[in-house]
Amino acid sequence: MSLSENEVYLLTEDDVCSKLFQSAIDTQSNLIVLMYQSTPILFNKAFQNFTNIPTVKAFLREFGSLVNRFVPHDAYFHAGKADPDTWITVLQNIPESDRIVSMINYRAEPYAFSVTIESPVKDYTIISFADISQDLIKRIMIENDVSIDKESGAFNKDYFIHTSKSFQNAAEFNEKSIGITMIEMNSSDSDTEKYLHDFSSSIKCNIRQSDMLVRWEKKIFMLAYLIDSADNAMKFSRKLLGVMREEPFENLKTISMRLGTTIQTKDEEISDIISRAETALKQSSESSPTTLL
């Protein structure tokens, strides 16, 4: 049975069921591929958008087998780890926690996916790719002990940069904007070293578990949180500045602090929000220690 015959068979044996199946998988955010033996015969919209290739024929013309899309890295499953005709079975037999592949989208951005494989009918297999890129980065960085800045107890800057996409996804899911507040210790190096951990702890005691406190520079912390308006972001920042010196952190009364706050505009990247918050911090002063930009 040729590929074209497969496609006709799939779409005309029961046209209503075929349309329902296509519609059902198109609603899924996972990348989904329907295989006949070792050949893809149907993609959902998420897969089409990921590859920017609209049809199976165009995909096969460009890449050949689906397994050819998998990045050949030893950390993941790829074409070099199985024969072309048996790779689905080999991948299916790998423990679920290790059943991971990497693919590059049409923008040349790498992603990691956990793979689910179902074979409800002889010769037909449904393969689902769930994006775990952010979770994998977090796991690797935590395992490598680089997620936390040891001196302050806040998150490490590199950890935040590598996982910031998760924060943006959370904002979109909750229909909120990202608020960024930069907080600076105006202190000598010796006082910074002496009070650094208390300074970090005083902030962490007054924020939500979902907020992220990051040591951004030697004397500057960045606080990322979800908020619904610029006014509320400013109120939150000013309140934070006031409560940071309360019991049991009264010793911080000797430390001068200033804040710069901003809030995400529509579809703005987190790097741009941070840059604006840094500018707001530079514009703040002793007489006006909180600035909104």
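For every chain, the first residue of the written sequence is number 1, and numbering continues from 1 onward in sequence order. The predicted nature of this model means local features are confined to residues of pLDDT at least 70 and side-chain atom pairs, given and counted, to a pLDDT of 80 or more, with totals for whole chains, interfaces and linings taken over all residues. Based on all heavy atoms of the structure, the side-chain values leave hydrogens and waters out of the count.

**Considerations on the nonpolar core**
Heads up, the condition is: Remark: nonpolar core denotes a set of buried residues (Ala, Val, Leu, Ile, Met, Phe, Trp, Tyr, Cys) joined through side-chain atoms within 4.5 Å. The cut-offs for exposure are 20% and 50% of the maximum accessible area for each residue type, with area from a 1.4 Å probe on protein chains only; residues under the lower value are buried, those over the upper are exposed, and the others partly exposed. A run of H or I in DSSP becomes a helix once it reaches four residues, and a run of E becomes a strand once it reaches two; helices and strands are each numbered from the N terminus. The contact rule is simple, with two residues in contact once any of their heavy atoms fall within 4.5 Å.
One finds Leu66, Phe70, Trp87, Ile127 and Phe129 to be the most contacted residues of the largest nonpolar core, which totals 27 residues. Counting only elements with at least two residues in this core, the list comes to strand 1 (31-36), helix 3 (45-51), helix 4 (56-63), helix 5 (87-92), strand 3 (100-104), strand 4 (110-121) and strand 5 (124-131). By residue number, the principal contributor to this core is strand 4, which donates four residues. Those residues within four positions of Phe129 in sequence are excluded, and the remaining contacts are Asn30, Leu31, Val33, Leu66, Phe70, Val101, Met103, Phe113, Ser114 and Val115. Among the nonpolar cores identified, the runner-up in size contains 23 residues, and Leu223, Leu241, Leu252 and Leu259 belong to it.

**A closer look at the environment of Ser275**
In this structure, Ser275 sits in helix 10 (residues 270-283). With a relative accessible area of 38%, Ser275 lands in the partly exposed category. Distance from Ser275 to Thr262, taken between C-alpha atoms, is 9.4 Å for residues 13 residues apart in sequence.

**Considering the side chain of Ser202**
Considering the arrangement of structural elements, one finds Ser202 in helix 8 (residues 189-204). Looking at Ser202, the relative accessible area reads 0%, which means it is buried. If we skip the residues at most four places from it in the chain, Ser202 touches Met244, Phe249 and Leu252.

**Concerning the pairing of strand 6 (residues 177-186)**
Put simply, the rule is: DSSP bridges decide pairing: two strands pair if at least two such bridges lie between them.
Of all the ten residues making up strand 6, eight are buried; the element is thus mostly covered by neighbouring parts of the structure. Where strand 6 lies against strand 8 (residues 220-227), eight bridges are found, and the strand directions are antiparallel. Bridge pairing links Ile183 to Phe221 in strand 8. When strand 6 meets strand 9 (residues 256-263), the two strands line up antiparallel, connected through eight bridges. Counterpart to Glu184 in the pairing with strand 9 is Arg258.

**Considerations on the pattern of salt bridges**
Defined as follows: What makes a salt bridge here is a side-chain nitrogen of Lys or Arg within 4 Å of a carboxyl oxygen of Asp or Glu, nothing more.
A full pass over the atoms with the stated rule returns seven salt bridges. Salt-bridge contacts for Asp189 lead to Lys218; the nearest nitrogen and oxygen are separated by 3.6 Å. With Asp189 in helix 8 and Lys218 in the loop between strand 7 (212-215) and strand 8, this pair connects stretches of sequence that are 29 residues apart. A salt bridge links Glu268 to Arg276, with the nearest nitrogen and oxygen atoms 2.5 Å apart.

**A closer look at the sheet that holds strand 2 (residues 39-43)**
The cut-off we apply is this: Comment: axis = line fitted to C-alpha atoms, over the contacting stretch for helices; angle = value between 0 and 180 degrees taken between N-to-C directions.
Ordered by their spatial adjacency, five strands build an open sheet running 2-1-5-4-3, and the pairing between neighbours is antiparallel. Sheet topology places strand 2 and strand 3 at the edges, where each strand pairs with a single neighbour. Taken pair by pair, the neighbouring strands of this sheet meet at an average axis angle of 40 degrees, ignoring direction.

**What to know about the packing of aromatic side chains**
So the rule is basically this: In this analysis, rings of Phe, Tyr and Trp, with Trp reduced to its six-membered ring, are considered paired at centre separations within 6.5 Å, and the interplanar angle assigns stacked below 30 degrees, edge-to-face beyond 60, and tilted for intermediate values. A positively charged side chain is recorded as over a ring if its NZ (Lys) or CZ (Arg) lies within 6 Å of the ring centre. The angle to the ring normal must also be within 35 degrees.
This structure, assessed with the given rule, holds 17 aromatic pairs. Relative to Phe63, the ring of Phe59 has its centre 5.1 Å away and its plane inclined at 45 degrees; by these criteria the two rings are tilted. With a gap of four residues between them, Phe59 and Phe63 both fall in helix 4, about one helical turn apart. On the basis of relative accessible area, Phe59 is assigned to the buried category, the value being 0%. Take Phe63: its relative accessible area is 25%, and that puts it in the partly exposed class. One residue, Lys157, lies across the ring of Trp216, its end atom 4.5 Å from the ring centre.

**Overview of the pairing of strand 9**
Burial analysis of strand 9 places eight of its eight residues in the buried class, the great majority of the element. Neither face of strand 9 is left uncovered, since the one carrying Ser256, Arg258, Gly260 and Thr262 and the one carrying Met257, Leu259, Thr261 and Ile263 both have all their residues buried.

**Remarks on the confidence of the model for the chain**
To be explicit about the condition: One confidence number per residue, pLDDT, is output by the predictor and ranges from 0 to 100.
In the predicted model, the chain carries a mean pLDDT of 86, and 92% of its residues have values of at least 70. Every residue in residues 1-9 is under pLDDT 50, and counting partners more than four places away or in other chains gives eleven contacts.

**Thoughts on the side chain of Ser200**
By the element assignment, Ser200 lies in helix 8. What Ser200 contacts, discounting residues up to four positions off in sequence, is Ser152, Gly153, Ala154, Leu213 and Phe221.

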